[in-house]
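Now for the letters of each chain:
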Amino acid sequence: MSRKKKVRKIKYRDIELNIMPFIDVFSLLNTFLLMSAVFLSIGILEVQIPFLTSAPPEKKEDSRSLEIKVDMEKTKIEVTAAYNKPPINEQKREFKVDKAEMPNLHKFMLELRRSNPESDKVQFFTEDDVVWKDIAMVLDAVKVRGPTDPVIVPAGASELDKKLAAEFLFPKVVMASVMLR
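The shown structure was predicted, so the numbers you read here are calculated from the model rather than taken from an experiment.

Draft legend 1. Region of the structure containing the overall build of the chain. For the chain, the count of helices and strands is four helices and five strands. The linear arrangement of helices and strands in the chain, starting from the amino end, is α-β-β-β-α-β-α-α-β. The buried share of the chain, reckoned over its 181 residues, is 25%. When the accessible area of the chain is evaluated, it comes to approximately 15,600 Å², of which 58% is carbon and sulfur surface.

Draft legend 2. Structural view of the pattern of salt bridges. Under the counting rule described, the total for this entry stands at three salt bridges. Here Lys172 makes a salt bridge to Asp120, at a shortest N to O gap of 3.4 Å. Of the two residues, Lys172 sits in strand 5 (residues 172-175) while Asp120 sits in the loop between helix 2 (102-115) and strand 4 (121-126), which places them 52 residues apart along the sequence. Taking the relative accessible area as the measure of exposure, Lys172 reaches 45% and is therefore partly exposed.

Draft legend 3. Focus on the packing of helix 2 against helix 3 (residues 132-143). Two elements in contact, helix 2 and helix 3, have axes whose closest approach is 8 Å; the angle formed by their N-to-C orientations is 35 degrees. Taken as a pair, helix 2 and helix 3 cross one another with a handedness that is right-handed. For the pair formed by helix 2 and helix 3, the contact residues are Met102, Leu105, His106 and Met109 on the first element and Met137, Val138, Ala141 and Val142 on the second. Residue composition of the contact of helix 2 with helix 3, grouped by class: seven nonpolar, one polar and no charged.

Draft legend 4. Structural view of the nonpolar core. If you look at the biggest cluster of nonpolar residues, it comprises 28 residues, and the most contacted ones within it are Ile68, Val70, Ile77, Val79, Leu105, Met109 and Val138. Of all the secondary structure elements, the ones that give two or more residues to this core are strand 1 (66-72), strand 2 (76-83), helix 2, strand 4 and helix 3. Among residues more than four places away in sequence, those in contact with Leu105 are Ile77, Val79, Phe95, Val138, Ala141 and Val142.

Draft legend 5. Spotlight on a nonpolar patch on the surface. Side chains of Leu17, Ile19, Met20, Phe22, Ile23, Val25, Phe26 and Leu29 sit close together on the surface and give an oily, nonpolar patch of about 850 Å² of accessible area. On the secondary structure map, Val25 appears in helix 1 (residues 20-40).

About the cut-offs
- Residues numbered from 1 in each chain as written.
- Predicted model: local features only at pLDDT ≥ 70, side-chain atom pairs only at ≥ 80, totals over all residues.
- Heavy atoms only, no water.
- Helix = DSSP H or I, 4+ residues; strand = E, 2+ residues; numbered from the N terminus.
- Buried < 20%, exposed > 50% of the residue type's maximum accessible area, 1.4 Å probe, protein only.
- Areas by Shrake-Rupley, 256 points an atom, 1.4 Å probe, with all protein chains shown as cover.
- Salt bridge = Lys/Arg side-chain N within 4 Å of Asp/Glu carboxyl O.
- Axes fitted to C-alpha atoms, helices over the stretch in contact; angles between N-to-C directions.
- Left-handed = near helix turned anticlockwise from the far one by under 90°.
- Contact = heavy atoms within 4.5 Å.
- Nonpolar A, V, L, I, M, F, W, Y, C, P; charged D, E, K, R; others polar.
- Core = buried A, V, L, I, M, F, W, Y, C linked by side-chain atoms within 4.5 Å.
- Patch = residues over 30% accessible without salt bridge, like charges linked within 9 Å, V, L, I, M, F, W, Y side chains within 5 Å.

Spelled out as structure tokens, the structure:
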């Protein structure tokens, strides 16, 4: 006699798979992947070793240039123009902080620029008690070229310098008395 095997029928019930731990693990792995990817970048730095020679170093001859300083106080503006090498030829002019005086300041700055077209930088100093409205008024008189002012372009100027000269009297104004506290 042979035995017959009974085939059991298994009923499948709904199985719920909890994937929250997998999501937690992969989110942590993703964070570490992004953090470590920054350190994997390879950078190549070219270092140029100085060339040793017995010849004396070349002397870079600084040319004589005009240094213009605008010192602004609450009631007056002092403009000092002097060359960096002898003869110094220092010029000092004082102006009042007033709208009526700004055309005179602009005219003096235009004369300085005409006499020295290569000098395109002004150092601007202010005191702590000067109001911003007055500073902006003086900066406009110093920096911005008026509509009737001639365009002053230095010899051998680049296209950018020509574009800046068409817009500004002095393209570079350095706020020299800035102090961070």
